[in-house]
Amino acid sequence: MTEGTDGEFTAFVNERGDALLRVAHALAGSQHAAEDLLQNALAKAYARWPRIRGDAEPYVRRILYHDQVSGWRRLARRREVPMPVLPERPGDRDSGHDSELRMLLRDALRSLPPRQRAVLTLRYLEDLSVEQTAALLGCRAGTVASQASRALARLRELVPSFDPASSPEVER
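Residues numbered from 1 in each chain as written. Predicted model: local features only at pLDDT ≥ 70, side-chain atom pairs only at ≥ 80, totals over all residues. Heavy atoms only, no water.

Peer 1: Please clarify how the pattern of salt bridges should be interpreted in this entry.
Peer 2: Pairing is possible between side chains of opposite charge, provided their charged atoms come close. Following the criterion strictly, the structure yields six salt bridges and no others. One salt bridge connects R106 with D107, and the closest N-O pair in it is separated by 3.4 Å. Residue class for R106 comes out buried when judged on its relative accessible area of 16%. Residue D107 is classed as partly exposed on the basis of its relative accessible area, which comes to 40%. Salt bridges sharing partners connect three or more residues here, namely R16, E57, R61 and E126. (Salt bridge = Lys/Arg side-chain N within 4 Å of Asp/Glu carboxyl O. Buried < 20%, exposed > 50% of the residue type's maximum accessible area, 1.4 Å probe, protein only.)

Here is the structure:
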């Protein structure tokens, strides 16, 4: 690659890396797995960087989703041990009940199967439609709807104080 192309890629990673890492973390469920997932996605994007037209972020996000789904489909994969607690960033979290609920929800999300976690991530964090989510995950819209319903029901069981009707992120 040329110096200008390398500079463009570096600027993209510096500008959008944190947002992409949050998406990868929501998909993977642990900081280490998210970092690995993002690193692989960025390596793939770097190899194709001169051919990417327009905004590169959707392209990289699609790589993240596809790599995560491919990981589930591998029969034998090496498991890494996730960290028990994510480090908090100063100023990122509110204090009080919201923090406690957020921690409970994070732990409950980690306990969901990977496919349900991916559906919730795409539907409510990424704000994609059922059809868009189905297309990204390579399944039918009905599967997305049923997985989202089951995942939300499970979250309600695990975190009884969770009321999705009061959360703007889950209202639909």
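Peer 1: How should I be thinking about helix α7 (residues 141-158) in this particular structure?
Peer 2: Between its terminal C-alpha atoms α7 stretches 26 Å, which fits the 26 Å expected from 18 residues at 1.5 Å a residue. Within α7 the residues assigned to the buried category are V144, Q147, A148, A151, L152 and L155. Along the axis of α7, the buried positions cluster into a sector of 130 degrees, meaning they face one direction only. (Helix = DSSP H or I, 4+ residues; strand = E, 2+ residues; numbered from the N terminus. Expected span 1.5 Å × (residues − 1). Arc of directions from axis to C-beta.)

Peer 1: In this structure, what is going on with the nonpolar core? I would like to understand it.
Peer 2: In globular proteins that are soluble, nonpolar side chains generally tend to be buried together. In this structure, F12, L27, L38, V60, L64 and L120 are the most contacted members of the largest nonpolar core, which totals 41 residues. Elements with a minimum of two residues in this core: α1 (3-28), α2 (31-48), α3 (57-73), α4 (97-111), α5 (114-125), α6 (130-137) and α7. In terms of residue count, α1 provides more of this core than any other element does, eight residues in total. (Core = buried A, V, L, I, M, F, W, Y, C linked by side-chain atoms within 4.5 Å.)

Peer 1: Can you help me understand the packing of aromatic side chains in this one?
Peer 2: Remark: the centre distance and the inter-plane angle together describe each pair of aromatic rings, the angle taken between the planes. The full count for this structure, using the stated rule, is three aromatic pairs. An angle of 85 degrees between the planes, with centres 5.0 Å apart, marks the rings of F9 and W49 as edge-to-face. Here W49 lies in the loop between α2 and α3 and F9 lies in helix α1, a separation of 40 residues in the sequence. Both residues of the pair, F9 and W49, belong to the buried class. With centroids separated by 5.3 Å and ring planes inclined at 45 degrees, the aromatic side chains of F12 and W49 adopt a geometry described as tilted. Pair noted here: F12 is in helix α1 and W49 is in the loop between α2 and α3, with a separation of 37 residues, a long-range link. Look at F12 and you get buried, because its relative accessible area is 10%. (Phe/Tyr/Trp six-rings, centres within 6.5 Å; stacked < 30°, edge-to-face > 60°.)

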